[in-house]
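# Coordinate analysis (summary)
The primary structure of each chain is shown beneath.
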Amino acid sequence: MKRSKIIFTVNVDFDGDCTFDIEVIRPDVRTHTYLYGDAASLAEFGKKLMAFPKDAAETVCFEWGQAEHPSAFGYLRMEAYCASPMGHTALRIIAEDGERAAHHRFEFSIASEAASINRLGALLANWQVETTPQLIWKAETR
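Model, not experiment: these values are computed from the prediction. (Residues numbered from 1 in each chain as written. Predicted model: local features only at pLDDT ≥ 70, side-chain atom pairs only at ≥ 80, totals over all residues. Heavy atoms only, no water.)

## Focus: the sheet that holds strand 6 (residues 89-97)
- The strand order 4-5-6-7 describes an open sheet built from four strands, whose pairing is antiparallel. Every interior strand has two partners, whereas the edge strands, strand 4 (59-64) and strand 7 (104-112), have only one. Strand-to-strand twist in this sheet, taken as the mean axis angle between neighbours without regard to direction, amounts to 10°.
- Inspection of the sheet shows strand 6 paired to strand 7 by nine bridges, in the antiparallel sense. Its bridge partner lying in strand 7, E96 is registered against R105. (Pairing = 2+ DSSP bridges. Helix = DSSP H or I, 4+ residues; strand = E, 2+ residues; numbered from the N terminus. Axes fitted to C-alpha atoms, helices over the stretch in contact; angles between N-to-C directions.)

Take a look at the structure:
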């Protein structure tokens, strides 16, 4: 059985700024986007994911770029949420990339156990981008 996964690849320049290539893969859909900035935003998101979920109504969100305003760098929204009152969890992905004729937008969810989402959080919170150019997270489901 193929599992969904997210591949985070980073290139760090001499000022410490990062260019991220984030590829999100589900067995039936695949997208990627480029983001530019620093790793602190992803680390902060990771810390929040490590404690997710506190209750069935909680969502934890990471957003980079501007939705519906495509540019050379993309837009990405990752939102961890409870998919059912029983505590089943998922990640909603909204990825937008490209300008004008090359513009595309994908929106889908990846089902994953809460513990797996917590592991994603730990990966992001502890990512040393200067020495580790790539992280791969695989969703775990029952």
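## Focus: the packing of aromatic side chains
- Within this structure, the stated rule accounts for five aromatic pairs.
- Each ring, one from F8 and one from W127, has its centre 6.2 Å from the other, and the planes form 65°; the classification is edge-to-face. With F8 in strand 1 (residues 5-12) and W127 in the loop between helix 2 (114-125) and strand 8 (134-138), this pair connects stretches of sequence that are 119 residues apart.
- A relative accessible area of 1% places F8 in the buried class.
- Owing to a relative accessible area of 8%, W127 belongs among the buried residues under this scheme.
- Ring geometry for F45 and F62: centres 5.5 Å apart, planes at 45°, overall tilted. Pair noted here: F45 is in helix 1 (residues 40-50) and F62 is in strand 4, with a separation of 17 residues, a long-range link. Judged on exposure class, the residue F45 and its partner F62 are both buried.
- Members of the aromatic cluster, each reached through a chain of ring pairs, are F8, F20, F45, F62, W64 and W127. (Phe/Tyr/Trp six-rings, centres within 6.5 Å; stacked < 30°, edge-to-face > 60°. Buried < 20%, exposed > 50% of the residue type's maximum accessible area, 1.4 Å probe, protein only.)

## Re the state of the cysteines
- Taken as a whole, this structure holds zero disulfides when the rule is applied.
- Sulfur of C61: no disulfide; nearest cysteine sulfur belongs to C82 and is 15 Å away.
- Looking at C61, the relative accessible area reads 31%, which means it is partly exposed. (Disulfide = S-S within 2.5 Å.)

## Here we look at the nonpolar core
- Ranked by size, the top nonpolar core spans 33 residues in total, and within it I6, F8, F20, M78, I93, L124 and W127 carry the most contacts.
- Those residues in contact with L124 that lie beyond four places of it in its chain are F8, L42, A43, F45, G46, L49 and L135. (Core = buried A, V, L, I, M, F, W, Y, C linked by side-chain atoms within 4.5 Å. Contact = heavy atoms within 4.5 Å.)

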